[in-house]
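# Structural description and commentary
One letter stands for each residue in the lines below.
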Amino acid sequence: MDLKRSGHNRKGGSEHRIKAGVITMAIAFSFYTLDIGGTALAETFTPIKATSAPFRICDTSNRTTCVVDGDTLWIKGEKIRVADIDTPEVSEPKCASELALGRRATARLIELVNQAPFELHAWPGRDEDRYGRKLRVLVRDGKSLGDILVSEGLARTWVGRRQPWC
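How each quantity is defined
Residues numbered from 1 in each chain as written. Predicted model: local features only at pLDDT ≥ 70, side-chain atom pairs only at ≥ 80, totals over all residues. Heavy atoms only, no water. pLDDT = per-residue confidence, 0-100. Helix = DSSP H or I, 4+ residues; strand = E, 2+ residues; numbered from the N terminus. Contact = heavy atoms within 4.5 Å. Phe/Tyr/Trp six-rings, centres within 6.5 Å; stacked < 30°, edge-to-face > 60°. Buried < 20%, exposed > 50% of the residue type's maximum accessible area, 1.4 Å probe, protein only. Lys NZ or Arg CZ within 6 Å of the ring centre and 35° of its normal. 1 Å grid on protein atoms, 1.4 Å probe; cavity = no way out; pocket = protein on both sides within 12 Å on 5 of 7 lines; lining within 4 Å. Points joined across faces, edges and corners; volume = space filled by probe spheres on them. Nonpolar A, V, L, I, M, F, W, Y, C, P; charged D, E, K, R; others polar. Pairing = 2+ DSSP bridges.

### Examining the confidence of the model for the protein
Averaged over every residue, the pLDDT of the protein is 77; the share at 70 or more is 69%. Per-element mean pLDDT across the protein ranges from 36 in helix 1 (residues 10–32) up to 98 in helix 3 (residues 145–151). Across residues 1–45 the pLDDT falls below 50, and counting only partners more than four positions away or on other chains, this stretch makes 48 contacts in the model.

Here it is in structure tokens:
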């Protein structure tokens, strides 16, 4: 609707145009993103059915559908970084407690992705990390699987940089 021609006075018209613009942007943004567990998510991908492609721990020879660690996995040959969390390292831990917690996070992620189908949601504003991994949030029934790991003390919510575990 053209508010300029709608009979509003100049001051009221500008105010209404601003409000209408803000409302339009809010509606457009709500269709573009989905807020799940406090994480802004966008662009829903086809659900991956864990029952038809069971996940296991990755080995060096075949990395098609497997879990590397608590926040990295391969899905149908594509390397995915779980974008909303950070988990302890298992490949180069800084201390024994980080390795132990990292192994628990890895085992739990395997359990979670094998429980039922889940969706991949793109991380807003960034498709890949510097290692070429796709940045995705794993979601089942409206809840981030990463948030489950956080609630169980096996991960931290991603804040934009790594923090020490030791």
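### Overview of the packing of aromatic side chains
Tallied over the entire structure, the rule returns 1 aromatic pair. Here F55 and F118 contribute two aromatic rings whose centre-to-centre distance is 6.1 Å and whose plane-to-plane angle is 40 degrees, an arrangement assigned as tilted. Within this pair, whereas F55 is found in the loop between strand 2 (39–44) and strand 3 (66–69), its partner F118 is found in the loop between helix 2 (96–115) and strand 7 (119–122), the two being separated by 63 residues in sequence. By the burial criterion, F55 is buried, and F118 matches it. Positioned above the aromatic ring of W158 is the side chain of R81, whose terminal nitrogen or guanidinium carbon lies 5.2 Å from the ring centre. A cation over an aromatic ring shows up here: R156 above the ring of W165, its NZ or CZ 3.7 Å from the ring centre.

### Some details on empty space enclosed by the protein
Rolled over the atoms, a probe as big as a water molecule pinpoints where empty space is left. Per the counting criterion, the structure on display carries 1 cavity of 30 Å³ or more. Considering only enclosed or pocket space, the largest cavity measures out at about 30 Å³ in volume. Taken together, D86, R156, T157, W158, V159, R161, R162 and Q163 make up the full set of residues lining the largest cavity. The residue makeup of the lining of the largest cavity, split by class, is 2 nonpolar, 2 polar and 4 charged.

### Describing the pairing of strand 5 (residues 78–82)
Examined bridge by bridge, strand 4 (residues 72–75) and strand 5 share 4 bridges and lie antiparallel to one another. Pairing of I75 across the sheet is with E78, part of strand 5. The loop that links strand 4 with its antiparallel partner strand 5 comprises 2 residues; one of these, K76, has a positive phi angle of about 50 degrees. Here strand 5 pairs with strand 8 (residues 134–140) via 3 bridges, running parallel. Residue pairing in the sheet places I80 in a bridge with K134 of strand 8.

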